[in-house]
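Architecture and fold: a report
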Amino acid sequence: MTRHLHIWMLAALLAWPLSGRATLTIEIEKGEADAIPIAVVPFGWQGPRRAPLDVAAVVRSDLARSGRFAPVPVADLVARPTTAAQVRYPDWRVLKVNSLVVGRMVETERNRFRIDFQLLDVVNGQQIAGYSIRAGVRDLRRAAHQISDLVFEALTGIPGAFDTRIAYVTVTADRRGRKTYRLAISDVDGYNEQVLLTSPNPILSPAWAPDGERIAYVSVTPKGPVIYIQNVYNRRARKLKRFPGLNNAPAFSPDGRTLAVTLSKDGSADIYLYDLKTDRVTRITRSPAIDVEAAWLPDGSGLVFTSDRGGTPQLYRIALRGGRPAGRPQRLTFSGKYNARASVSPDGRRVAFVHDHRIALLDLETLAIKVLTETRLDESPSFAPNGDMVIYATRDGSAGVLAAISVEGRAPQTLSVTRGEIREPAWSPLRRRNF
Amino acid sequence: MIAFIRQHPVALAVAIVIHAVFFAILVLSFRYSRPTTAEQPQVEVVQAVAVDEARVKRELERIKAAERRREQKVKAMEAARKREERRLAELRRKREAERRRQAELERKRRAEKRRLAELRRKQAEEKKRLAKLEAEKKALAEKRRREQERLAALERQRREAERRRREEAARARAEAELKKKLEAEQQRLAALQAQQRQSEIDRYQQLIYAEVYRNWTVPPGARQGMSAELRVRLIPSGDVVTVDIARSSGDAVFDRSAMQAVRKASPLPVPPVDSGLFEEFRQINLVLRKKET
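Reading the values: the criteria
Residues numbered from 1 in each chain as written. Chains lettered and ligands numbered in written order. Predicted model: local features only at pLDDT ≥ 70, side-chain atom pairs only at ≥ 80, totals over all residues. Helix = DSSP H or I, 4+ residues; strand = E, 2+ residues; numbered from the N terminus. Buried ≥ 20, exposed ≤ 12 C-beta atoms within 10 Å, placed from the backbone. Contact = placed C-beta atoms within 7 Å. Axes fitted to C-alpha atoms, helices over the stretch in contact; angles between N-to-C directions. Parallel < 35°, antiparallel > 145°, perpendicular 65-115°, else oblique. Left-handed = near helix turned anticlockwise from the far one by under 90°. Nonpolar A, V, L, I, M, F, W, Y, C, P; charged D, E, K, R; others polar. Pairing = 2+ DSSP bridges.

What about the overall build of chain B?
Summing up its helical and strand segments, chain B has five helices and three strands in all. Secondary structure elements of chain B occur, N-terminal to C-terminal, as α-α-α-β-β-α-α-β. Within chain B, buried positions represent 15% of all 293 residues. Taking as baseline every contact in chain B between residues at least 6 positions apart, the subset at least 24 positions apart corresponds to 72%.

Quick word on the packing of helix H3 (residues 53–215) of chain B against helix H4 (residues 252–265) of chain B
Residues and elements named next belong to chain B. Two elements in contact, H3 and H4, have axes whose closest approach is 8 Å; the angle formed by their N-to-C orientations is 120°. Regarding the angle of H3 to H4, the classification is oblique. Relative to H4, H3 is oriented so that their crossing is right-handed. Between H3 and H4, the residues in contact are Glu-211, Val-212 and Asn-215 and Ala-261, Val-262, Lys-264 and Ala-265, respectively. When the residues that make up the contact of H3 with H4 are grouped by side-chain class, the tally is four nonpolar, one polar and two charged.

What to know about the interface of chain A and chain B
Contacts between chain A and chain B engage 30 residues on the former and 38 residues on the latter. Looking at the side of chain A that touches chain B, the elements with two or more residues in it are helix H1 (2–19), strand E1 (24–30) and helix H4 (140–156) of chain A. Here the side of chain A that touches chain B gets seven residues from one element, more than from any other, and that element is E1(A). As judged from the seven bridges shared by E1(A) and strand E3 (residues 283–290) of chain B, these two strands associate in the parallel manner. Directly across from Ile28(A), in E3(B), lies its bridge partner Leu288(B).

Some thoughts on unusual backbone geometry
Cis geometry marks the peptide bond from Ser266(B) to Pro267(B); its omega dihedral reads 0°. By the secondary structure assignment, Pro267(B) is in the loop between H4 and helix H5 (278–282). One non-glycine residue, Ala249(A), lies in positive phi territory at about 50°. Mapped onto the fold, Ala249(A) is located in strand E15 (residues 247–252). Since 26 C-beta atoms lie within 10 Å of it, Ala249(A) is described here as buried. Although it is not a glycine, His357(A) adopts a positive phi angle of roughly 70°. Positionally, His357(A) belongs in the loop between strand E24 (350–355) and strand E25 (358–363).

Some words on the sheet that holds strand E14 (residues 237–239) of chain A
Backbone hydrogen bonds are what pair the strands of a sheet, in a parallel or an antiparallel way. Residues and elements named next belong to chain A. A sheet is described by the order of its strands in space; here four strands give the open sequence E11-E12-E13-E14, paired in antiparallel fashion. With partners counted over all chains shown, the strands left at the sheet margins are strand E11 (203–208) and E14, one partner each. Sheet twist, expressed as the mean angle between neighbouring strand axes with direction ignored, is 25°. Bridge analysis of E11 against strand E12 (residues 214–221) gives four bridges, and the strand direction is antiparallel. Following the sheet pairing, Trp-208 is matched in E12 by Ile-215.

Keep in mind these values describe shape, not function.
Shown next, in the form of structure tokens:
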């Protein structure tokens with residue numbers, strides 16, 4: 001019997017290569033995403049003066065900051081092609097890069113530029129993407145970020161968030177100690193800062209509207225906190241109806257028609273929904289404890305907020321249906337003495353929050369916590385609109401600074417900052433392309 | 001001789017007696033012969049010598065006395081002769097008797113001799129018979145011995161044959177055993193070879209796995225469990241000739257990353273052509289899957 005079996009095995013084995021059906025199949029499973037080796041060749045320049053911006057350098061810097069890419073230093077580049085036709089792929093394979101970005105910028109008329117670039121798959125020897133972007137001199141950086149976004153998305157499958165902005169509050173003090181608060185926005189790399197508001201009154205918790213054109217914030221006036229909504233383009237502001245007590249922590253609903261706010265008009269601090277059309281509020285939480293800082297789930301199906309109803313500040317989730325609470329709040333965090341300031345990821349699966357003064361991620365399905373930062377005084381996390389990074393406020397020595405880290409805990413970085421103290425960053429939604 | 005004497009003491013005694021008698025006769029007859037010679041008359045020679053009368057008288061006296069004494073002596077001698085004759089007659093008679101007795105004895109001796117001869121003959125015959133018997137016995141013993149030897153030889157042969165037969169059987173068994181073992185060994189070897197072949201294939205699969213794994217940059221945006229299957233054609237150098245998407249992940253970025261991984265890993269580790277295993281690797285499928293993190 002066994003002998004026959006052997007014979008059959010042997011026969012099968014001998015027949016195997018002939019059968020042609022049983023092709024060897026090797027399964028490769030990999031979880032961790034290594035940094036993608038990429039080369040961004042300095043773009044060619046065609047114009048009367050020097051190029052006003054090293055576009056390739058901006059792209060390299062963006063990609064490196066994301067933690068997803070490992071750009072080859074310029075000095076190591078084996079050649080300087082500016083078009084796909086000039087690329088000799090084998091040269092770049094030696095460099096072990098997966099991808100290559102080549103481009104050139106032309107000044108078509110004074111201060112008007114056209115940037116052509118191609119993203120090439122070095123390994124397979126083919127073009128992945130090619131674009132032509134027109135930009136004025138003041139939009140060149142944005143054009144560069146858009147190139148970064150295109151490259152990022154083409155190679156990671158995740159939308160890029162380089163062409164986005166952050167809103168934040170800066171605080172400066174004059175010689176007499178009088179403080180000036182500013183609400184400002186800038187590109188995510190810290191360039192192109194625009195101050196939207198300067199005030200002697202403290203400015204708190206800026207929040208972007210889903211359209212990326214408005215920012216809600218709290219101004220703590222001598223009469224009490226007031227919520228404003230300001231348009232970032234025309235700078236026009238709208239003051240919301242003020243309620244007695246707290247009027248804090250505004251958060252735009254995904255459809256942009258409602259704000260979740262913290263009010264204390266009925267006694268203790270609770271979460272309310274503010275209808276921007278009717279200026280009417282609906283109470284969502286009803287506890288004698290302090291319920292604050294609501295964040296929307298991206299599908300609008302609920303809120304994540306901070307409450308000390310359990311004795312210490314912890315995160316809770318409450319479901320919403322038709323603008324009303326559906327069911328009792330569910331506690332989400334159980335470890336640590338201080339869990340607060342939720343920011344829900346764009347895919348609604350994770351929450352960035354302050355976990356005992358560090359930035360951590362909470363998996364909404366498993367409720368597992370992953371601590372991202374190793375610093376100690378981290379505050380105000382805000383998810384990037386592509387969900388791949390978190391920006392937060394921390395302290396660098398005595399100064400308050402902005403920092404960012406990838407959701408994998410990679411590429412921790414301090415953003416280039418303006419003078420003074422920076423607080424409460426809020427990452428904008430993705431912007432519509434302007435080309 | 002001594003044994004013979006012991007066996008026949010009477011004969012010895014008779015022989016001794018006979019000898020003694022003859023010896024005695026011999027001695028006696030010798031003594032007897034001397035008087036015979038004395039019978040001869042002695043002639044006296046008278047020598048005439050002038051001598052004085054007295055002296056002649058005395059001489060004559062003396063001769064006369066001598067004469068007288070001689071006569072007396074002759075008379076005595078005659079008497080002695082007569083006694084001697086009687087004694088001789090007696091002796092003759094005795095001798096005759098003795099002769100008869102001797103003859104008788106001789107006869108007896110002869111008879112005895114004959115008897116003895118007969119006895120000896122018989123003895124010899126007996127001896128011969130005995131010898132013959134002995135010889136026969138010996139022959140028989142010899143024959144028996146030979147027979148025994150023959151039987152022993154036969155037994156030896158039989159045993160030898162038996163031994164050989166057993167040995168042969170054992171050898172045959174051993175051979176069969178060996179053959180069985182050999183077959184089993186061959187099967188085992190074949191299985192082992194198949195196994196080795198498989199393990200070698202496995203090894204190269206591992207190597208390819210490792211190489212592709214190392215070169216694969218999983219797109220961060222890939223969803224968990226997302227996978228693409230690639231059909232890869234290789235040449236013996238391990239160089240990737242073509243990569244085709246056999247089954248798309250549905251995501252262009254993911255598919256591209258998978259293809260890049262394979263291209264980048266080229267040349268892939270493949271078994272040498274002379275191992276006969278390369279054919280297994282001429283075309284392989286690779287499934288790249290995003291693992292849960």
